[in-house]
Each structure stands twice: as structure tokens, then as C-alpha cells.
Amino acid sequence: MRKSLFARLLAVSALVAACSVAATAWLAVQTTSGAILKEQGQNLTADARIYHSLLGYAAAHPTWDGVGKTVRDLAEQSGRRIALTTEQRAPLADSAAPETAAALPDQASAIVDPLSVDTALAAENAGPSGTPADRVDPRAVGPFRLPAAERTALRQIADRGVACLSESGIASDVVLTESGRPAIQVVGNAPARLQGTRCTTAVLDTPTATERKALKALNQLTDACLKRQDRSGVVLRLDLSWGRTTEPVPIAVATMPPTEAPRTAPGIEPEAAARAAPTQTPSVMPRPAPSSAVGTSEDDRAIASCVGTARREQLSSYVASPALLFISDTGGTTVPGFDLSPANTARIAGAAALVLALTVGASVLVGARLVRPLRALTGAAQRMRDGEDSAPVLVTADNEIGRLAATFNDMSAHRARLEAQRKAMVSDVAHELRTPLSNIRGWLEAAQDGLADPDPAFIASLHEEAVQLQHIIDDLQDLSQADAGALRLHAEPVRIEELLSQVAAAHQARAETAGVTLTVSPPQPARPVPALKADPVRLRQAIGNLVSNAVRHTPTGGTVTLRAYGSESGDAVLVDVADTGTGIPAADLAHVFDRFWRAEKSRSRRTGGSGLGLAIVRKLSEAHGGTATAVSVPGEGSVFTLRLPADRPGDDPANGAPAAPSDSPPDRSEQP
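Values in this document were obtained by computation on a predicted structure and should not be read as measured data.

*Asks:* Give me the lowdown on the sheet that holds strand β14 (residues 559-566), citing residues and values where you can.
*Replies:* Two modes of strand pairing occur in sheets, parallel and antiparallel, and in both the strands are linked by backbone hydrogen bonds. Ordered in space as β12-β14-β15-β17-β16, the five strands form an open sheet in which the pairing is mixed. A single partner strand is all that each edge strand has here, and the edge strands are β12 (517-520) and β16 (627-633). Each adjacent strand pair in this sheet contributes to an overall mean axis angle of 15°, direction not counted. Its contacts with the sheet put helix α11 (residues 496-514) on β12, β14 and β15 (572-579), and the angle it makes with β12 is roughly 170°.

*Asks:* Tell me what's going on with the packing of α11 against helix α12 (residues 536-552), and back it up with residues and numbers.
*Replies:* At their nearest, the axes of α11 and α12 sit 10 Å apart, and the two run at 35° to each other. Both α11 and α12 take part in a crossing whose hand is right-handed. On the side of α11, the interface is formed by I496, L499, L500, Q502, V503, H507, R510, A511 and A514, while α12 contributes P536, L539, R540, I543, G544, V547, S548 and V551. Of the residues assigned to the contact of α11 with α12, the class counts are eleven nonpolar, four polar and two charged.

*Asks:* With reference to specific residues and values, describe the packing of helix α5 (residues 209-228) against helix α7 (residues 297-315).
*Replies:* How two helices pack is summed up by the angle between their axes together with the distance between the axes. Their axes nearest at 8 Å, the elements α5 and α7 cross at an angle of 125°. As judged from the angle between their axes, α5 and α7 are oblique. For the crossing formed where α5 meets α7, the hand is right-handed. Taking contact as the criterion, the partners of A214, A217, L218, L221, T222, C225 and L226 in α5 are, on α7, A302, I303, C306, V307, A310, R311, E313 and Q314. Split by residue class, the contact of α5 with α7 holds eleven nonpolar, two polar and two charged.

*Asks:* Before we move on, could you go through α12 and cite the residues and values that matter?
*Replies:* With 17 residues, α12 extends 24 Å from end C-alpha to end C-alpha; this agrees with the ideal 24 Å at 1.5 Å per step. The distance from a side-chain oxygen at the start of α12 to the backbone nitrogen of V537 is 3.1 Å, and the residue carrying that oxygen is D535.

*Asks:* Quick rundown of helix α2 (residues 48-60)? Include the residues and the values.
*Replies:* Between its first and last C-alpha, α2 extends 18 Å over 13 residues, near the 18 Å set by a 1.5 Å rise per residue. Within α2 the residues assigned to the buried category are I50, Y51, L54, L55, G56, Y57, A58 and A59.

*Asks:* Before we move on, could you go through the confidence of the model for the protein chain and cite the residues and values that matter?
*Replies:* This prediction gives the protein chain a mean pLDDT of 77; 75% of its residues lie at or above 70. Of the regions scoring below 50 in pLDDT, residues 245-264 engages in 56 contacts with residues more than four places distant in sequence or in other chains. Considering only residues more than four positions removed or in separate chains, one finds that residues 270-294, a stretch of pLDDT under 50, has 55 contacts.

Calculation notes
- Residues numbered from 1 in each chain as written.
- Predicted model: local features only at pLDDT ≥ 70, side-chain atom pairs only at ≥ 80, totals over all residues.
- Heavy atoms only, no water.
- Pairing = 2+ DSSP bridges.
- Helix = DSSP H or I, 4+ residues; strand = E, 2+ residues; numbered from the N terminus.
- Axes fitted to C-alpha atoms, helices over the stretch in contact; angles between N-to-C directions.
- Contact = heavy atoms within 4.5 Å.
- Left-handed = near helix turned anticlockwise from the far one by under 90°.
- Nonpolar A, V, L, I, M, F, W, Y, C, P; charged D, E, K, R; others polar.
- Parallel < 35°, antiparallel > 145°, perpendicular 65-115°, else oblique.
- Expected span 1.5 Å × (residues − 1).
- Polar contact = N/O pair within 3.5 Å; in protein donor to acceptor, adjacent residues only side chain to side chain.
- Buried < 20%, exposed > 50% of the residue type's maximum accessible area, 1.4 Å probe, protein only.
- pLDDT = per-residue confidence, 0-100.

See below:
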């Protein structure tokens with residue numbers, strides 16, 4: 001089953017359909033529910049500013065008296081209806097006119113309670129880990145709010161501290177906390193930069209009389225809570241951390257000039273100010289031990305819970321009571337909620353099952369149509385492997401599978417042609433080798449039987465057959481090297497005119513014997529020959545094969561002309577070998593460069609040649625990065641053209657063929 005393409009296609013389609021249906025249903029439910037919740041005011045992400053503003057009002061006022069103006073201003077800015085009621089739904093404020101106001105929804109948008117903030121709407125109440133650290137609104141300070149005299153005195157101290165830091169090259173600003181206490185904030189938020197300066201901000205960390213009083217009351221409430229749990233009391237600090245004992249902890253305090261010694265703020269005891277003042281040497285200040293050393297984690301959790309309870313108890317008389325917040329459209333309309341009831345669940349499940357069934361059915365049909373031609377291709381490939389004649393695979397469509405089937409048919413036909421060529425080549429090689437070997441054997445047996453004398457003519461005949469045999473073997477070796485990409489080229493600058501003259505001189509005697517005129521045409525000024533870099537031995541071999549072939553097929557009185565010229569663009573060198581021979585029929589032109597192909601079908605050796613010369617020409621030209629082509633008119637002659645790339649700086653004319661410093665092949669352009 002795992003190896004079946006059809007089964008895998010069906011499984012993947014079903015899985016994709018199921019996931020798609022589930023994701024679509026979930027997304028639809030979530031999107032619809034989210035939109036409805038937003039319309040009803042339950043999703044207050046966009047209305048967080050309204051909630052935050054009303055929460056700040058409740059934190060700063062003990063009652064909701066006077067909140068009406070704030071509600072109307074927020075409603076005008078947001079374009080929504082805003083209403084506040086008590087927890088018993090008694091109206092406190094409403095932005096809508098009483099005579100036109102619609103009934104409030106059954107469910108409130110939020111509960112405005114500064115002592116129990118909705119942490120999803122008040123991100124500023126989240127701790128470092130992202131979880132709620134304290135649900136008390138930080139603007140609810142109650143008895144910790146500083147009077148004007150203490151704020152002014154602390155502000156003066158903070159301003160002097162900023163000025164001192166500025167003289168030390170540290171930029172800082174004075175910021176006010178919710179209770180009115182100023183604090184120095186270093187620009188760049190790097191408090192460590194204060195170390196090593198002569199400035200200190202320790203006085204600002206000393207509680208004022210108002211803060212000590214409020215902190216004492218909070219400590220008493222906390223100790224009472226702990227006592228009810230049979231736990232010992234703690235000492236709370238201004239930042240609401242705690243400790244059980246007071247231990248002298250040595251700390252290094254920066255030095256400040258006597259003229260800049262901090263002044264005591266109203267409400268701060270002189271002893272506390274003295275302890276906060278800088279000295280010339282490290283001093284010992286009483287500091288509560290870290291809470292981590294107090295006891296177990298269970299004790300810390302109990303203390304934190306009591307601190308929170310005590311804080312809410314202390315602030316309860318300073319903040320407004322909890323109120324219900326309603327946010328809706330100005331007309332009071334609401335969108336009905338989406339109830340995922342059993343009936344709706346059944347409808348969603350039915351629709352999902354229907355879509356899944358349709359998907360599976362479509363996958364079955366498509367998979368069957370997809371697998372059918374693949375199975376036909378598999379059967380054809382297996383028959384080809386077994387050596388059987390494979391019928392072409394039926395191509396039914398012009399798609400990927402259809403193109404694959406067409407390509408397979410082309411490959412099968414090409415393989416059949418290659419197999420036929422291989423068989424023909426083996427037969428041709430056997431024939432070509434058998435003829436000279438039979439001649440040599442016959443002459444040697446005749447000499448052995450005393451029927452022939454080993455005179456010079458006898459030896460010359462044997463030598464001619466041996467040379468022909470060696471020529472065939474060398475041609476086959478060249479072709480095998482070219483096929484394997486191991487044909488060695490030794491590229492160097494070549495003067496093509498001189499090379500043509502050398503080839504013509506090498507074949508001049510044979511041309512005169514055949515009664516053929518062999519000439520080299522001078523270059524044409526209109527088509528100058530570009531510089532050429534090639535292997536001169538291999539190039540002479542290729543041109544020599546063309547000349548030998550042209551002389552062989554040109555009748556007595558004909559001409560063979562060699563000509564070199566440049567291409568129109570000047571990027572290639574063209575070499576023509578033209579003859580006035582019998583020509584080649586158009587149907588045979590496509591095969592003239594095939595191995596062992598002869599225009600004379602009798603395979604006799606009347607015209608000479610092994611049928612490998614032109615195949616070698618094509619391979620040698622391709623090894624140089626060029627091409628070999630032929631045009632012919634029957635009865636008038638043929639023109640064979642070599643196109644070789646011109647030499648340009650940085651180019652490799654051998655087209656990446658490996659070169660070797662030695663082992664140059666012999667020049668066989670003059671061999672018969």
C-alpha cells in the first residue's frame with residue numbers, strides 16, 4: 001500500500017481535504033465569533049483607551065461622582081455609546097440621552113475595578129514574563145500620594161541630582177511616579193553609569209513621613225494576615241519587597257562635594273538623610289536581607305498574597321467601587337452571538353463529511369487517470385529491459401504525463417536506432433577488418449605454398465593492406481576517444497592559410513593521379529580571416545579527411561578548392577572544401593557524417609575509404625568548439641564547411657577538452 005502511487009495520492013488528498021475543511025470551519029467560527037464579540041464590546045482591544053481612561057478615573061477618585069463628563073467626552077471621541085452602572089446595574093453615567101437610550105445588553109463589556117484590573121486590557125500591569133504581576137492599577141496610590149510640600153522638596157533634590165550628573169557628562173531626566181515622587185532616569189536607561197560618579201540619588205529613595213505612615217499601616221495589615229496563617233511578620237520596603245531581619249550591608253557610595261550635600265526634605269528624618277548622604281569611604285547602611293533568604297518558596301508565596309490582600313484593603317477607601325462598563329453602538333443594537341449548539345455542530349460535521357466525500361471521489365477519478373498511463377509506461381520499460389520489442393505508449397493528453405509518454409516513445413525509438421546502428425557498426429567493423437586481413441592471409445599462404453614469390457611487389461602489396469588496416473584501427477581509436485571525451489588537443493596559434501597549403505601539398509600527388517585539380521583560394525579582403533587557436537595536427541587531419549573524400553568522389557577533370565574566410569560577425573573561422581563531383585542526394589545529406597555510411601550501398605571498396613573519415617571530421621570540429629556541415633547539389637558537387645571559433649583573449653578554443661604536454665597523435669592527413 002505504501003508503494004502504490006494511487007494509494008498515496010488518495011491518502012494525501014483525503015488528508016489535505018480534512019485539514020482544509022477543519023481549518024476553514026475553525027477560521028470561519030473564530031472570525032465570526034471575533035467579529036460578533038467586537039460588536040458587542042466583549043473584544044475591547046480597539047476600546048482599550050476607554051477602559052484605561054475610566055480605570056484611571058476610578059483609581060484617583062473615591063466615588064464615581066462627576067464621571068459623566070469623562071464618559072461623554074470618550075463617547076464623542078470614539079463614536080460609541082458608553083454606560084457605567086453599579087454591580088447591581090444601577091446607572092452611574094450614560095452617554096446616551098435617557099429618553100432615547102436603548103436597554104443595556106445582558107452582558108457587560110468589562111468590569112472597571114482599579115483593585116482587580118483586567119490584565120488582557122491593561123498591558124502595563126504585566127510582569128517581565130508577560131503574566132500578571134499585580135492586578136492593582138498602578139495609578140491607585142491612596143495614602144502613598146505625597147503632599148505638595150514633600151513633592152516640592154524632593155523635586156529640588158532631584159533637580160540638583162540631574163545637574164550633578166550633567167556636570168559628569170551623564171544625561172538624565174526627572175520623571176514623576178503616580179504618587180508624585182520624583183525619580184531620576186538616566187538617558188539610555190543604564191543605571192550602572194551612575195557608579196563611579198560623585199553624584200548620588202540615595203536621598204530620593206528614603207521614604208517621607210507620608211510614605212512611612214502609609215507603609216506602616218500596610219505592614220500592620222500584612223502582619224495581621226500572616227498571623228492568621230501562623231506565620232511571622234515581615235518588614236516591607238517602599239517598593240513592597242520584604243525582609244525579616246535588618247543586617248548591616250556594606251555598600252560603596254559615591255562622593256559628593258560638601259557644597260552639594262543633599263538637603264533634608266520635609267518629612268525625612270535627619271538620621272535617614274545622613275544615612276543616604278555620600279561619604280568619602282564605603283559606609284555600612286542597614287539594609288533588609290533579601291527575601292530569597294527568608295524561607296521557603298511557600299512562605300514567599302504566602303507573604304506575596306498577604307501583601308496583595310493588605311494593599312487592596314488599604315486602598316479600598318481611596319478608589320471608586322467596581323462598576324460595569326457597557327460599550328455598544330450609538331443605536332444600542334447588538335449582533336446576536338454564534339451559538340455552537342449540537343445542531344450547528346452537526347451541520348458543520350455534515351458539510352465537512354460531504355466535502356471530504358467529494359474530495360475522495362474526485363481523487364479516485366483523477367488518480368485512476370493519472371496512474372493508468374504510468375502503469376503503461378512501467379510495462380513498456382519492463383519489456384524494453386527484457387529485450388522485447390516495445391510498442392509505443394499511447395499518448396492521450398498534452399500534459400505532464402502525456403509529455404512523459406511522448407518522451408519515452410522518443411527514447412524507445414532512439415534506443416532502437418542506436419541498437420540497429422550498433423549492430424550495423426559491428427558488422428561494418430568486421431567487414432572492414434576482414435578485407436585487409438583476408439588479403440594478407442591469402443598472400444602469405446600463397447607464399448607459404450610457393451605460389452607467390454616474396455619480391456618487392458609482394459611486400460608492397462602486404463604493406464598497403466597493413467597500412468589500410470592500421471588506418472581503420474586509428475580511426476576507430478579516434479572516434480572512441482572523442483565519444484569518451486578523452487580526445488587530446490594541443491591548442492596553439494594557427495595560420496589557417498599555411499595549414500591549407502600544407503594539406504593541399506600532402507594530397508597533390510593523389511589529386512594529380514586521379515586527374516583532379518587541387519587549389520587553395522586566397523583570402524578575400526571583404527571577409528578577413530580572424531586569429532585562430534587550435535590543434536594544428538588534429539585540424540590537418542580533419543581538413544585532410546575532407547580533401548581525401550572530395551578527391552575520391554570527383555571525376556577526372558574536376559576541381560577541389562580549399563578556402564578560408566571569416567564569418568560576418570568576425571567571431572568564427574570558416575573553412576570550405578568544395579568539389580565538382582557527383583554530389584550527394586538530399587535524402588543522404590543527413591547521414592554523411594554517420595559512421596560507416598557510404599553513398600555506395602554495395603559496401604564495396606571500389607571507391608576506397610573506411611566510412612569513418614567524415615565522422616572523425618565532425619568529432620574533431622566539435623572538440624574545437626565548432627561544427628561541420630555539408631551542402632550538395634547532385635550532379636554539380638558538394639561543399640563541406642568547418643566552422644571554428646575565433647581566438648579571443650581568455651577563451652579556450654578546445655571548448656574545455658583536456659590538453660597534454662606530450663603524446664601528440666601522429667599526423668595522418670597524408671595516410672591513404
